[in-house]
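# Descriptive analysis of the structure
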Amino acid sequence: MHISQHPTHTLDLRVRELRQLFNSLDPTPFLNKDLDRACEAFIENWALSLPHDCHLHLTIHIDEPVAAEEAGALVGDAIHNYYGYKIGLVRGELSQLLRVGRLSLVIGLVFVAACLLLAEAITSLIPGPTAKIARESLTIIGWVAMWRPVQIFLYDWWPLKGRIKVFDNLRFARVSVVLT
């Protein structure tokens, strides 16, 4: 039996003090603070470039002296909480996108059916090239109305699922604080 080992990727962050990791305008308690936007973007861009099945390790190097064991546990919990929160946000975004997709699909199907029925009616009532042009135009307009639901269900949802996987991976990343 072969047990596959998932690789571990390490990101080294260097800060002067731990407060630099978090949004200074966020008034919530430390464990629920938002990450600083630049720090968040740096971590997420790094994690997005890695395979979803790898293990992540964040090593935070700080210059100011702190109790590294306590700080490591607190920072790890804060980062894990933050990415748990972000997963909820992206899941809500995905849910809303799929709701819009379902509504767009219903509207698109009704519209394409109406266009095709109108095209058939015009063809049967008006002979000649004008009817043919109207029929083709209505057929094209009807199918163009289906573009948005097709785009949502074929393309727009999977980047959100990918972000959820990355955030889930970050939620369980090993975090360690090292004094430099």
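Residues numbered from 1 in each chain as written. Predicted model: local features only at pLDDT ≥ 70, side-chain atom pairs only at ≥ 80, totals over all residues. Heavy atoms only, no water.

### Some thoughts on the pattern of salt bridges
One pass over the structure, following the stated rule, counts 6 salt bridges. With its nearest N and O atoms 2.8 Å apart, the salt bridge here joins Arg148 to Asp156. The exposure class of Arg148 is partly exposed, given its relative accessible area of 36%. With its nearest N and O atoms 2.9 Å apart, the salt bridge here joins Asp168 to Arg171. One end of the pair, Asp168, and the other, Arg171, are both in helix H4 (residues 147–171), 3 residues apart, so they sit about a helical turn from each other. Taking relative accessible area as the criterion, Arg171 reaches 27% and is therefore assigned partly exposed. Counted as one network, the salt bridges with shared partners bring together Glu40, Glu44 and Lys86. (Salt bridge = Lys/Arg side-chain N within 4 Å of Asp/Glu carboxyl O. Buried < 20%, exposed > 50% of the residue type's maximum accessible area, 1.4 Å probe, protein only. Helix = DSSP H or I, 4+ residues; strand = E, 2+ residues; numbered from the N terminus.)

### A short note on empty space enclosed by the protein
All told, the structure shown has 1 cavity of 30 Å³ or more when counted by the stated rule. Counted as a void, the largest cavity has a volume near 30 Å³. What lines the largest cavity is Ala47, Leu50, Pro51, His52, Cys54, Leu56, Val166 and Asn169. The residue inventory of the lining of the largest cavity, partitioned by class, reads 6 nonpolar, 2 polar and no charged. (1 Å grid on protein atoms, 1.4 Å probe; cavity = no way out; pocket = protein on both sides within 12 Å on 5 of 7 lines; lining within 4 Å. Points joined across faces, edges and corners; volume = space filled by probe spheres on them. Nonpolar A, V, L, I, M, F, W, Y, C, P; charged D, E, K, R; others polar.)

### Looking at H4
The end-to-end C-alpha distance of H4 is 36 Å, a good match for the 36 Å that 25 residues give at a rise of 1.5 Å each. Along its length, H4 shows its largest kink, about 40°, at Phe153. The complete set of buried residues in H4 reads Pro149, Ile152, Leu160, Gly162, Ile164, Val166, Phe167, Asn169 and Leu170. (Expected span 1.5 Å × (residues − 1). Bend = angle between axes of the 7 residues up to and from the residue.)

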